[in-house]
Structure formats: structure tokens, C-alpha cells
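# Geometric and topological summary
Next come the chains, spelled out residue by residue.
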Amino acid sequence: MSSLGLPATELGPTGYLGKDAADVRALLDRSGLRLIGGFLPVPMHIATAADLDEAATAMDTLAAAGASVVVLAARSADGSYDHAVTLTETEWQTLFATLTTLQTMARERGLLPALHPHVGTAIESRDAVLRLLAGSDVPICLDTGHLLLGGMRPEELIALAADRIAHVHLKDVDTSVAGRGLAYIDAVRAGLYRPLGAGDLDIPEIVRSLEAVGYRGWYVLEQDCALHDVPPAGEGPIDDVRRSVSYLKENV
């Protein structure tokens with residue numbers, strides 16, 4: 001990441017960059033990178049005390065490692081992203097209550113909470129995003145790819161709720177793969193996400209729209225991929241990142 005000119009990173013899965021906050025800090029310091037935040041999926045519509053304890057531990061690690069953002073997702077009960085999550089009215093109310101608790105927990109640790117509309121979670125579809133905006137005050141992580149796959153164009157969210165957008169994930173989408181009806185992980189393996197500029201989203205226009213409404217947060221380059229071979233042949237995802245960074249520099 002450092003060699004490609006990236007100044008910072010999100011944490012990734014627990015333990016991926018170190019077993020504790022001190023190890024994460026040491027690794028990133030050696031590479032000249034800072035920690036932005038991390039992704040935290042919580043089954044908000046059925047959250048238990050154990051789920052909240054797990055979330056608290058994850059937030060403690062993020063805060064101790066120097067993060068400023070926690071990216072929340074309303075995950076499914078089984079943790080899978082391969083099926084739609086439809087909530088009852090009671091579950092919606094539980095979700096909103098849990099989200100309020102999670103926001104308080106984050107802010108007590110000096111973290112900015114941002115809810116990520118995400119494929120295979122309770123906040124995926126356009127209708128769910130609109131209900132989230134109406135029923136809560138949580139800041140939003142605008143993920144260009146997941147939002148499009150859920151049925152809402154990023155430009156619409158910017159127009160509707162520019163003041164709620166606190167964090168941005170940039171990815172491009174091959175809509176021909178999205179339309180094949182594959183399970184999510186199979187679609188990722190089939191090339192659902194493309195380097196910026198190689199898919200069907202107008203990434204430069206999205207960034208210009210965000211800048212025009214005063215967005216000053218992070219843009220995180222996040223292209224989900226699934227490796228068939230470890231290590232991958234050639235440079236693997238590194239080449240995709242290089243292409244995406246070059247595209248942004250040339251077009252934004």
C-alpha cells in the first residue's frame with residue numbers, strides 16, 4: 001500500500017494486521033501508514049449482550065490503534081452476505097435501538113460511527129436506506145458499489161442526504177455480472193468489482209458531487225476480490241489498485 005502512494009488504510013478482519021492494537025500500530029508505523037478505521041458487522045435487528053460486548057472489544061482495538069472511524073453494518077443473523085435480510089416492524093425498532101447504542105459506544109471511544117449500506121445486510125435496498133435515513137440520525141458510509149447493487153445510485157444519496165455522508169468507499173461495478181443472479185461471493189469471484197474506471201459507475205462525477213457539497217472525509221479504495229490461488233499469479237490485486245489510483249489522479 002505504501003509503495004502505491006496510499007497514506008492510510010482500514011483495519012481489515014480482526015487480527016489481519018496484528019493480534020492487538022500495539023502490533024497494528026507498529027506494523028503501520030513501519031510502513032508509513034495511518035489507520036482510518038475498520039468494518040464492524042453487527043446483527044442489529046437481533047443483537048444480544050454478547051454481540052454488543054464483541055462490538056465494544058472491536059471498537060476498543062480500533063481506538064487504541066489510532067482509528068477515527070468505525071464502519072458499521074447491519075449484518076444478517078448468520079453472518080452470510082448471500083441472501084436478502086427482510087425485517088419485521090419489531091426488528092426495525094430493535095435495529096434502530098441497537099444503532100443508537102452502537103453510536104454512543106463509538107463516540108465514547110472517540111470514533112465516528114458510519115453505517116454502511118451493504119449487500120446481504122438489513123440495510124441493502126433503496127427502501128431500507130430511505131427508512132434508515134428517516135428513522136435514525138446515524139452518519140452514512142457511502143459505498144459506491146454496494147449502494148448501486150442495492151438499487152440506489154450514489155448520486156441520489158448525495159442529493160438526499162449530503163450532510164449525513166461521513167465516509168466513502170470507492171469501488172466500480174460490472175453490472176453485467178451483477179445481473180447474472182449469482183450468489184454474492186460467486187459474483188465477486190466472477191469480477192463483480194472492477195478497477196476504478198473499468199466498470200459502469202461514473203466515479204469522477206461522484207467524487208466531484210461529494211466535493212461540491214462540502215464532503216471532507218476519507219475516500220477509501222475498496223475493491224472486493226476473491227483469490228483463487230495464494231499467492232496470486234503475477235501482481236494480483238496490486239495491479240488493480242495501481243490502475244485505480246492512476247485513474248483517480250488523471251480524472252478527478
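Residues numbered from 1 in each chain as written. Predicted model: local features only at pLDDT ≥ 70, side-chain atom pairs only at ≥ 80, totals over all residues. Heavy atoms only, no water.

The name given to the protein chain in an unreviewed UniProt entry is Inosose dehydratase, and the organism recorded there is Catenuloplanes nepalensis.

With that out of the way, let us pick up the pattern of salt bridges. Taken as a whole, this structure holds 14 salt bridges when the rule is applied. In this structure, D143 engages K171 in a salt bridge whose closest nitrogen and oxygen atoms are separated by 2.5 Å. Of the two residues, D143 sits in strand β5 (residues 140-143) while K171 sits in the loop between β6 (165-170) and β7 (172-173), which places them 28 residues apart along the sequence. The class of D143 is buried, set by a relative accessible area of 1%. On the basis of relative accessible area, K171 is assigned to the buried category, the value being 0%. One salt bridge connects R242 with E235, and the closest N-O pair in it is separated by 3.0 Å. For R242, a relative accessible area of 34% translates into the label partly exposed. Of the residues examined, E235 reaches a relative accessible area of 41% and is grouped as partly exposed. (Salt bridge = Lys/Arg side-chain N within 4 Å of Asp/Glu carboxyl O. Helix = DSSP H or I, 4+ residues; strand = E, 2+ residues; numbered from the N terminus. Buried < 20%, exposed > 50% of the residue type's maximum accessible area, 1.4 Å probe, protein only.)

It is worth spelling out the side chain of H167 at this point. In this fold, H167 is placed in strand β6. Given the relative accessible area of 0%, H167 is considered buried. Discounting chain neighbours no more than four positions away, the residues touching H167 are E10, I36, V69, V71, A114, I140, C141, L142, Y215, W218 and V220. (Contact = heavy atoms within 4.5 Å.)

We now examine the side chain of H45. Along the chain, H45 falls in the loop between β2 (34-42) and α2 (49-64). On the basis of relative accessible area, H45 is assigned to the buried category, the value being 7%. Each residue touching H45, except ones within four places of it in the same chain, is listed here: R75, S76, A77, V85, L87, E91, T94 and L95.

A separate point is helix α3 (residues 89-108). For α3, built from 20 residues, the straight-helix expectation of 28 Å at 1.5 Å per residue is met to within 8% by its first-to-last C-alpha distance of 29 Å. For α3, the elements touching its buried residues are β2, α2, β3 (69-74), β4 (112-115) and α4 (126-135). (Expected span 1.5 Å × (residues − 1).)

Let's shift gears to α2. An α-helix turns once per 3.6 residues; consequently, residues spaced three or four apart project the same way. Over its 16 residues, α2 extends 22 Å from the first C-alpha to the last, a length consistent with the 22 Å expected when each residue adds 1.5 Å. Listed as buried for α2 are D51, A55, A56, M59 and L62. Axial view of α2: buried residues confined to an arc of 135 degrees, hence all on one face. Exposed positions of α2 whose direction lies more than 90 degrees from the buried face are A49, A50, D53 and E54. Those residues of α2 that are buried are in contact with β2, β3 and α3. At the C-terminal side of α2, G66 shows a positive phi close to 100 degrees. (Arc of directions from axis to C-beta.)

What follows deals with the packing of helix α9 (residues 203-212) against helix α10 (residues 237-251). A pair of packed helices can be characterised by two numbers: the angle between their axes and the separation between those axes. Running from amino to carboxyl end, α9 crosses α10 at an angle of 60 degrees, the nearest separation of the two axes being 10 Å. Taken together, the axis directions place α9 and α10 in an arrangement best described as oblique. Where α9 crosses over α10, the handedness of that crossing is right-handed. Seen from α9, the contacting residues are I203, P204 and R208; seen from α10, they are Y247, L248 and N251. (Axes fitted to C-alpha atoms, helices over the stretch in contact; angles between N-to-C directions. Parallel < 35°, antiparallel > 145°, perpendicular 65-115°, else oblique. Left-handed = near helix turned anticlockwise from the far one by under 90°.)

To continue, consider the pairing of β6. For β6, the buried fraction is high: six of the six residues fall into the buried class. One ladder, built from four bridges, connects β5 with β6; its direction is parallel. Note that in β6 the partner of C141 across the bridge is H167. The sheet contact formed by β6 and strand β9 (residues 219-221) spans three bridges and is parallel. (Pairing = 2+ DSSP bridges.)

So, on to the environment of A106. Position of A106 relative to the elements: it lies in helix α3. Along the primary structure A106 and S68 are separated by 38 residues, whereas in three dimensions their C-alpha atoms are 9.6 Å apart. For A106, the residues in contact, after removing those within four places along its chain, are M59, V70, L111 and P113.

Mapped onto this structure's residue numbering, the UniProt feature "domain: Xylose isomerase-like TIM barrel" (unreviewed entry) falls at residues 4-245. Counted over residues 4-245, helix gives 41% and strand 16%. Its end C-alpha atoms are 8 Å apart. (UniProt positions renumbered as here; feature names shortened; annotations may be inferred.)

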